[in-house]
Amino acid sequence: MGKCISFTASRDRFYRYFFSFSGLRSVTTDLEDGTTMHCWIPKVHEPTKPNLFLVHGFGANAMWQYSDLLRHFTPHFNVYLPDLVFFGASATTRPERTESFQARCVKKLMEVHGVHRTSLVGISYGGFVGYSVAAQYPEAVERLVLCCAGVCLEEKDMKDGLFQVSDLEEAASILLPQTPEKLRELMRFSFFKPVKVMPSYFLSDFIDVMCTDYVNEKRELIQNILKDRRLSDLPKISQSTLIIWGEQDRIFPLELGYRLQRHIEGNADLVVIRNAGHAVNLEKPKEFAKHLKAFLVDNR
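Residues numbered from 1 in each chain as written. Predicted model: local features only at pLDDT ≥ 70, side-chain atom pairs only at ≥ 80, totals over all residues. Heavy atoms only, no water.

In the nomenclature of an unreviewed UniProt entry, the protein chain corresponds to Monoacylglycerol lipase ABHD6-like from the organism Nicotiana sylvestris.

(A) Examining the UniProt feature "domain: AB hydrolase-1" (unreviewed entry) in the protein chain more closely. The positions that UniProt labels "domain: AB hydrolase-1" (unreviewed entry) are, in the present scheme, residues 50-285. In residues 50-285, the share of helix is 42% and the share of strand is 16%. The end C-alpha atoms are 23 Å apart. (UniProt positions renumbered as here; feature names shortened; annotations may be inferred. Helix = DSSP H or I, 4+ residues; strand = E, 2+ residues; numbered from the N terminus.)

(B) Here's a closer look at the pairing of strand β6 (residues 118-123). Among the 6 residues in β6, 6 count as buried, and that is most of the element. Note: strand β3 (residues 51-55) against β6, 4 bridges, orientation parallel. Bridging from a neighbouring strand, L54 pairs with V121 of β6. Pairing analysis gives 5 bridges linking β6 to strand β7 (residues 141-147), with the strands arranged parallel. The residue bridging I123 from the neighbouring strand is C147, located in β7. The β-α-β motif built from β6, the intervening helix α5 (residues 125-136) and the parallel element β7 has right-handed crossover chirality. (Buried < 20%, exposed > 50% of the residue type's maximum accessible area, 1.4 Å probe, protein only. Pairing = 2+ DSSP bridges. Right-handed = clockwise from strand over helix to strand, strands pointing away.)

(C) Here's a closer look at the environment of L84. Here L84 is to be found in the loop between β4 (78-82) and β5 (91-92). Residues L84 and E99, 15 residues apart in the sequence, show an inter-C-alpha distance of 9.8 Å. In this structure, L84 is in contact with M37, V55, H56, S90, Q102, V106, Y125, G126 and V129, ignoring residues within four places of it in sequence. (Contact = heavy atoms within 4.5 Å.)

(D) Structural context of a nonpolar patch on the surface. On the surface, I5, F7, Y201 and F202 cluster together into a nonpolar patch covering about 380 Å² of accessible area. Mapped onto the secondary structure, Y201 falls in helix α9 (residues 200-210). (Patch = residues over 30% accessible without salt bridge, like charges linked within 9 Å, V, L, I, M, F, W, Y side chains within 5 Å. Areas by Shrake-Rupley, 256 points an atom, 1.4 Å probe, with all protein chains shown as cover. Salt bridge = Lys/Arg side-chain N within 4 Å of Asp/Glu carboxyl O.)

(E) Representation of the packing of helix α7 (residues 168-175) against helix α8 (residues 180-190) within the structure. Taken N-terminus to C-terminus, the directions of α7 and α8 make an angle of 100°; their axes are 8 Å apart at the nearest point. Comparing the axis directions of α7 and α8 gives the class roughly perpendicular. Counted together, S173, I174 and L175 of α7 and K182, E185, L186 and F189 of α8 form the full contact between these two elements. Class assignment for the residues of the contact of α7 with α8 results in 4 nonpolar, 1 polar and 2 charged. (Axes fitted to C-alpha atoms, helices over the stretch in contact; angles between N-to-C directions. Parallel < 35°, antiparallel > 145°, perpendicular 65-115°, else oblique. Nonpolar A, V, L, I, M, F, W, Y, C, P; charged D, E, K, R; others polar.)

(F) Structural view of the packing of aromatic side chains. Overall, the coordinates contain 17 aromatic pairs when judged by the stated rule. Aromatic side chains F7 and F202 sit 5.9 Å apart centroid to centroid with 90° between the ring planes, which places their arrangement in the edge-to-face category. You can see F7 sitting in helix α1 (residues 7-21) and its partner F202 sitting in helix α9, a full 195 residues away along the chain. By relative accessible area, which is 46% here, F7 ends up partly exposed. We classify F202 as partly exposed; its relative accessible area is 35%. Taken together, a centroid distance of 5.9 Å and an interplanar angle of 50° make the contact between F14 and Y15 tilted. For F14, a relative accessible area of 44% gives the class partly exposed. Sitting over the face of the ring of Y137, K107 holds its NZ or CZ atom 5.2 Å from the ring centroid. (Phe/Tyr/Trp six-rings, centres within 6.5 Å; stacked < 30°, edge-to-face > 60°. Lys NZ or Arg CZ within 6 Å of the ring centre and 35° of its normal.)

(G) How the structure looks around the nonpolar core. Core analysis: the largest hydrophobic core is formed by 103 residues, its most contacted members being F73, L81, Y125, W245, L260, L292 and L296. Ignoring sequence-local partners within four residues, the contact set of L81 consists of F19, L24, H38, C39, W40, L54, A62, Y66 and L70. (Core = buried A, V, L, I, M, F, W, Y, C linked by side-chain atoms within 4.5 Å.)

(H) Highlighting the pairing of β7. β7 sits mainly inside the fold: 6 of its 7 residues count as buried. Alignment of β7 against strand β8 (residues 240-246), held across 5 bridges, turns out to be parallel. Looking at the pairing, L146 lines up with I243 of β8.

(I) Fine view of unusual backbone geometry. With a phi angle near 65°, E32 is a residue other than glycine that sits in the positive phi range. The residue E32 is located in the loop between β1 (24-30) and β2 (35-42) in this model. The exposed category is assigned to E32, whose relative accessible area is 73%. Non-glycine residue F86 carries a positive phi angle of around 80°. The residue F86 is located in the loop between β4 and β5 in this model.

(J) Representation of α1 in the model. An ideal rise of 1.5 Å per residue puts 21 Å on 15 residues; α1 measures up with 21 Å between its terminal C-alpha atoms. Among all positions of α1, only T8, D12, Y15 and F19 are buried. Each buried residue of α1 lies within a common arc of 55° when the element is viewed along its axis, so the set occupies one face. Set apart from the buried face of α1 by more than 90 degrees, the exposed residues are R13, Y17 and F21. Taken together, the buried residues of α1 touch β1, β2, α2 (62-66), α3 (70-73), β4 and α9. Positive backbone phi, approximately 95°, marks G23, located one or two places after α1. (Expected span 1.5 Å × (residues − 1). Arc of directions from axis to C-beta.)

Put into structure tokens, the structure is as follows:
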């Protein structure tokens, strides 16, 4: 009986109901280049409201990473939540695996839905993509929030010992867990205070539902993050930017947050949330939402 009931699938269905109840609808768009992208969009676009794109990182789909934030922003924005390529219901037949390609896909999605200008929040890998959108299309991004996004990392950082993994293969095995033990390891890396006891059944169920699609393609995405990456090649951006970081981030250490602030120079504020790791949006949701609202809503 237990094997017939998937907690993860049930939770995913609940999120779908909740997102629909929150005024969003699920749409899959053919970008006509071999790429399809899924996105939650407003059921009714209100021209008097500004727009907000919430871009997820590695892990589950966009719903799981932003469900706690919806109620804070749907009253103030037309909210859009895309699934990046090879996550959720988004995929491509094209060979590109860079965040630059992901950013172009997000921009095409904006155009399809008539969004000419938006603020954007990017968590972890979503921050890499968000930064690239802001750099490639400065006129399209009003304000930018980068959460625990190691945009300023360099290929040599791995050799220099900045990270707690020895190479990309080890990193990929953790970020793309295929066993309960690897998922536990990911939780230890992601949370300052991870759940100490989690039955293997629940972990296996989560892996089966959320972690088995496009594994090779996601591994290629990880490899392309670091390949030949140099800070000197990273373009500057001019948008007003908020950087949020968990003080105890073990995936992208806090040093990368300070490095990013220096790189953007006068346009970026850095907020460090204490007693939080990489998954600061899940570990400290109230504090995370408070800083987002202050930057995106109160300061408008």
